[in-house]
Amino acid sequence: MEYTPAPLLKAAEQFAKLPGIGMKTAQRLAYHMLSLPIESVREFADGVRDARESVKFCSLCQNFTETVPCPVCSGNRNTKIICVVESPRDVSVFERTGGYDGVYHVLHGLLSPMDGTLPEDIRIRELMERLAGEVDEVIMATNPTIEGEATASYISRLIKTLGIKVSRLAYGLPAGASLEFADDVTLTKALENRNEI
């Protein structure tokens, strides 16, 4: 009969709540944590807690930040162009290229009626509020997946009624791929060759 201490099972259950972590991997992580010196485990726990407590949403773009507004929104950027992305990871990917000087808007999700994600569940309202200012173009930079395309289409219909140009990243990014894994050249070219939708 196999015996696993209850605290170890509880730790594994917490790791299993992370995306992409199944129960077997979660158990390996829990066992690994027990093999570390207690100070290393405390540093790990403190780092996670500190990130959760100190990182907040930018009041403008909804990206994660320590300061409000975030460095991009408070910097010397072209505020007339807004690049709409699904997650904060996507902002990091664009910023790494150094080829975009506009600002962002992070949706924190995509429309997916099958999963129960509706327009009110993501940051569309906040985007529409931003468009009351001087905005010339909104770039829809959601992933080329069914959910990404549906979200881009839905939002572009809302924005077009305001008379603002809406464009979509040029294809060249593989269908079904995630922006997070695109190389810098592909992403820069996709930005340069975006098309109005």
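The notes below deal with the structure included here. (Residues numbered from 1 in each chain as written. Predicted model: local features only at pLDDT ≥ 70, side-chain atom pairs only at ≥ 80, totals over all residues. Heavy atoms only, no water.)

Attention now goes to the environment of I197. With respect to the helices, strands and loops of the structure, I197 is situated in the segment after β7 (195-196). Accessibility expressed as a relative area gives 31% for I197, which makes it partly exposed. For the pair I197 and S156, spaced 41 residues apart in sequence, the C-alpha separation works out to 7.3 Å. Discounting chain neighbours no more than four positions away, the residues touching I197 are M140, A152, S156, K160, V166, S167 and R168. (Helix = DSSP H or I, 4+ residues; strand = E, 2+ residues; numbered from the N terminus. Buried < 20%, exposed > 50% of the residue type's maximum accessible area, 1.4 Å probe, protein only. Contact = heavy atoms within 4.5 Å.)

Here the focus is the environment of V84. Looking at the element boundaries, V84 is found in strand β3 (residues 78-85). On the accessibility criterion, V84 (0% relative accessible area) is buried. Considering only alpha carbons, one finds V84 and L127, 43 residues apart in sequence, at a separation of 8.6 Å. Look past the residues within four positions of V84 in its chain and what remains in contact with it is H105, L107, L127, V138, I139, M140, A141 and T142.

Together, V55, F57 and F64 make up an exposed nonpolar region whose accessible area comes to about 250 Å². By the secondary structure assignment, F57 is in strand β1 (residues 56-57). Looking at F57, the relative accessible area reads 39%, which means it is partly exposed. (Patch = residues over 30% accessible without salt bridge, like charges linked within 9 Å, V, L, I, M, F, W, Y side chains within 5 Å. Areas by Shrake-Rupley, 256 points an atom, 1.4 Å probe, with all protein chains shown as cover. Salt bridge = Lys/Arg side-chain N within 4 Å of Asp/Glu carboxyl O.)

Let us look at unusual backbone geometry. Each neighbour pair has its own omega, and for V68 with P69 the value is -5°, a cis peptide bond. Its place among the elements puts P69 in the loop between β2 (64-65) and α4 (71-74). Even without glycine at this site, Q62 takes up a positive phi of about 70°. Within the secondary structure, Q62 sits in the loop between β1 and β2. The backbone of H108 shows a phi angle near 60°, a positive value even though the residue is not glycine. Position of H108 relative to the elements: it lies in the loop between β4 (102-106) and α6 (124-130).

The next subject is the side chain of S156. Mapped onto the elements of the fold, S156 is located in helix α7 (residues 146-160). Here S153 takes part through its backbone oxygen, which lies 2.9 Å from a polar atom of the side chain of S156. When residues no more than four places from it in sequence are discounted, the contact partners of S156 are V166 and I197. (Polar contact = N/O pair within 3.5 Å; in protein donor to acceptor, adjacent residues only side chain to side chain.)

Right, let's get into the packing of helix α1 (residues 6-16) against helix α2 (residues 23-35). In the contact formed by α1 and α2, the axes pass within 8 Å of each other and the chain directions differ by 125°. Looking at the two axes, α1 sits oblique to α2. Where α1 crosses over α2, the two elements pack in a sense that is right-handed. Contact with α1, carried on its side by L8, A11, A12, E13, F15 and A16, involves M23, A26, Q27, L29, A30, Y31, M33 and L34 of α2 and no other residues of that element. Partitioned by chemical class, the residues of the contact of α1 with α2 number 12 nonpolar, 1 polar and 1 charged. (Axes fitted to C-alpha atoms, helices over the stretch in contact; angles between N-to-C directions. Parallel < 35°, antiparallel > 145°, perpendicular 65-115°, else oblique. Left-handed = near helix turned anticlockwise from the far one by under 90°. Nonpolar A, V, L, I, M, F, W, Y, C, P; charged D, E, K, R; others polar.)

In this structure the tally under the stated criterion is 9 salt bridges. The residue R125 makes a salt bridge to E126 at a minimum N-O spacing of 3.3 Å. Judged by relative accessible area, R125 falls into the exposed class, the value being 53%. According to the relative accessible area criterion, E126 is buried, its value standing at 17%. Here R168 ties to E149 by a salt bridge, and the two come within 2.9 Å at their closest N and O atoms. Taken together, the residues span a long stretch of sequence, with R168 in strand β6 (residues 165-168) and E149 in helix α7 at a distance of 19 residues. Assessed through its relative accessible area of 5%, R168 is described here as buried. What emerges from the salt-bridge pattern is a single network uniting R125, E126 and E129.

Honestly, that's just the spatial picture; any functional story needs more than this.
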